[in-house]
Amino acid sequence: MSTFTIVPIRCGDIVNHARSCFLYRKDCGGAHLNAPCIAWLLRSDAHTVIVDAGPGSRARAPQCYTESDAGHDDLLQYGLARAGVEPDAIELVILTHLHHDHVGGARLFRNARFHVQEAELKEAVWPVPFQRPIYGTNQRGKTPPWIDVLDRMMVAHGDENVLPGIRVLKLPGHTAGSQGVLVDTDDGPYLIAGDLIPLYENWPAHGGEPVPNGNHTDLRAYDDSFRRIAALRAKVLPAHDPRVFECASYPPGQDPAVNP
Ligand SMILES: [Zn+2]
């Protein structure tokens, strides 16, 4: 069986974001957070794969770079270099969905193909008006970031085994074509959930009630996706939780490149 280690790479922050935006109908007392945008580096003996690409370089997404990022023009590139990975060597990038903070960095991978659900690509082309800014679609004078890699996209029509040890699951709710990435590790399956589960709080341990992201398109689909996730019995990695970086890799402590 092919097993992977998973390394989170911080690609920038959604700065000073209202916590309640991630937690549907929860009163968070006005709390805000700097929510990291995360690319996930998956490595096995045979394959190196990226899941999500963050918001992109400082030039593309200056609003996601903070004072502490001074001196860095591309946090994704920096994170990959720290992990000893050359972007041109990446052959496959899986995109959980096409919101700009997940696909803005995609152009860094010049030799990769990009895996996305067909329903998501269709949605990105012409979303409802409220969702157009977050896809970067129909914004005067701007090109949506997913256009950069449209010539190399592969579309899926639901669940699919992508590689030995990596399976995508179509999990709509946050968007019409969101997908999760189920990754085999030496410590059992991990689910990279995308924005379906932005914080650990959205998916409470010990059987608590899950909470949808406040940014969603279909709550009934969301509920079905939550049921599917519960049945997986996988460990869940959220898309925007600073606590992800309490471990340099998952399963914790397995990646010698970042845990010398
Ligand atoms: Zn999103």
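Our structure's up above, just so we're on the same page.
A.B. asks: What should I look at first to understand the environment of E160 in this one?
C.D. replies: Inspection of the secondary structure assignment puts E160 in strand β7 (residues 160-163). E160 gets classed as partly exposed once you look at its relative accessible area, which sits at 29%. Contacts of E160, omitting those with residues within four sequence positions, involve H115, I166, R167 and V168. A distance of 2.9 Å separates polar atoms of two side chains, one belonging to E160 and the other to H115.

A.B. asks: Explain the coordination of the zinc ion here, please?
C.D. replies: Reference values for angles at a metal are 109.5 degrees in the four-donor tetrahedral case and 90 or 180 degrees in the six-donor octahedral case. Around the zinc ion, the protein contributes the donor atoms H97 (NE2), H99 (ND1), H174 (NE2) and D195 (OD), which lie 2.1 to 2.2 Å from the metal centre. For the zinc ion, the four donor atoms in the first shell make angles of 93 to 160° at the metal, so the coordination geometry reads as irregular. Sequence spacing among the residues donating to the zinc ion works out to H-x1-H-x74-H-x20-D. Here the residue H99 occupies a position in the loop between β4 (92-94) and α2 (100-103), and H174 occupies one in the loop between β8 (166-170) and β9 (179-185), the gap between them amounting to 75 residues.

A.B. asks: Would you explain the nonpolar core in this entry?
C.D. replies: As a rule of thumb, nonpolar side chains are buried together in soluble globular proteins. One finds L76, L80, L98, F109, F114 and M153 to be the most contacted residues of the largest nonpolar core, which totals 28 residues. In terms of residue count, strand β1 (residues 5-18) provides more of this core than any other element does, three residues in total. Apart from the residues lying within four places of it in its own chain, the contact partners of L76 are I9, C11, A39, A53, G105, L108 and F109. In this structure, W40, V51, V181 and I192 belong to the second largest nonpolar core, which totals 19 residues.

Thresholds, definitions, all that
Residues numbered from 1 in each chain as written. Predicted model: local features only at pLDDT ≥ 70, side-chain atom pairs only at ≥ 80, totals over all residues. Heavy atoms only, no water. Helix = DSSP H or I, 4+ residues; strand = E, 2+ residues; numbered from the N terminus. Buried < 20%, exposed > 50% of the residue type's maximum accessible area, 1.4 Å probe, protein only. Contact = heavy atoms within 4.5 Å. Polar contact = N/O pair within 3.5 Å; in protein donor to acceptor, adjacent residues only side chain to side chain. Donors = N, O, S within 2.8 Å, 3.2 Å for Na, K, Ca; no water. Tetrahedral: all angles 85-135°; square planar, octahedral: opposite > 155°, others 65-115°. Core = buried A, V, L, I, M, F, W, Y, C linked by side-chain atoms within 4.5 Å.

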